[in-house]
Amino acid sequence: MEDLGEGCSSVVKKCEHKITKQIRAVKIIRNDDPEYILSAKNEYNLLKGLNHAKIVKVYDQIHDEIKGTLYLVMEYVEGETLEDYVYTCTAE
């Protein structure tokens, strides 16, 4: 699994499905705050109903309550990061 990005309480990894060989991005959220996990689940529920070329698709969520980890399985999109894009736009 290749690291794609990291934040305060999560990391995003590029993963390959063992059976279908499809490439996905998996956001791994490690946080034992129930409100934070609920907020992330609400974000997933909002995004799963959206279908637009400019919005990353979400496919699944898995909550491992024992580990205190929430996994969000999303579409993997190649290209520059948002951080790089913003930097490029503000440098001009």
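Here, the structure is the one placed above.
Okay, so let's go over this structure. (Residues numbered from 1 in each chain as written. Predicted model: local features only at pLDDT ≥ 70, side-chain atom pairs only at ≥ 80, totals over all residues. Heavy atoms only, no water.)

### Considering the sheet that holds strand β4 (residues 58-64)
Spatially, the five strands line up as an open sheet ordered β1-β2-β3-β5-β4, and their pairing is antiparallel. Both edges of this open sheet fall to β1 (2-6) and β4, since each of them pairs with a single strand only. Mean inter-strand twist for the sheet, computed between neighbouring axes without regard to direction, equals 25°. With seven bridges joining them, strand β3 (residues 23-30) and strand β5 (residues 69-75) adopt antiparallel strand pairing. Bridging from a neighbouring strand, Ile29 pairs with Leu70 of β5. (Pairing = 2+ DSSP bridges. Helix = DSSP H or I, 4+ residues; strand = E, 2+ residues; numbered from the N terminus. Axes fitted to C-alpha atoms, helices over the stretch in contact; angles between N-to-C directions.)

### Here we look at helix α1 (residues 34-48)
End to end, α1 covers 21 Å across 15 residues, agreeing with the expected 21 Å (1.5 Å per residue, within 8%). Within the sequence span of α1, burial applies to Ile37, Ala40 and Tyr44. Seen from one end, α1 has its buried residues packed into an arc of 60°, which puts them on one side. The exposed residues of α1 that point more than 90 degrees off its buried face are Pro34, Glu35 and Leu46. Tucked into the core, α1 has its buried residues touching β3, β4 and β5. The N-cap residue of α1 is Asp33: its side-chain oxygen and the backbone nitrogen of Glu35 are 3.1 Å apart. (Expected span 1.5 Å × (residues − 1). Buried < 20%, exposed > 50% of the residue type's maximum accessible area, 1.4 Å probe, protein only. Arc of directions from axis to C-beta. Contact = heavy atoms within 4.5 Å. Polar contact = N/O pair within 3.5 Å; in protein donor to acceptor, adjacent residues only side chain to side chain.)

### Concerning the side chain of Ser9
Position of Ser9 among the secondary structure elements: in the loop between β1 and β2 (10-16). Relative accessible area serves as the criterion here: at 17%, Ser9 is assigned to the buried category. Polar side-chain contacts of Ser9 include one of 2.8 Å to the side chain of Tyr36. Filtering out sequence-adjacent residues up to four positions away, Ser9 remains in contact with Ile28, Ile29, Arg30, Asn31 and Tyr36.

### Things to note about the side chain of Ser10
As for its placement among the helices and strands, Ser10 is situated in strand β2. Setting aside chain neighbours within four positions, we find Ser10 in contact with Lys27, Ile28 and Ile29.

### Quick word on the pairing of β2
For β1 and β2, the ladder comprises four bridges, and the chain directions are antiparallel. By the bridge assignment, Glu2 is partnered in β2 with Lys14. Hairpin remark: β1 followed by β2, antiparallel, with three residues in the connecting loop. Pairing of β2 with β3 involves seven bridges; the strand directions are antiparallel. Counted as the bridge partner of Ser10 is Ile29 from β3.

### A word on the pattern of salt bridges
Tallied over the entire structure, the rule returns one salt bridge. In this structure, Asp3 engages Lys13 in a salt bridge whose closest nitrogen and oxygen atoms are separated by 2.5 Å. Linking Asp3 in strand β1 with Lys13 in strand β2, this pair joins segments that are 10 residues apart in sequence. Relative accessible area serves as the criterion here: at 17%, Lys13 is assigned to the buried category. (Salt bridge = Lys/Arg side-chain N within 4 Å of Asp/Glu carboxyl O.)

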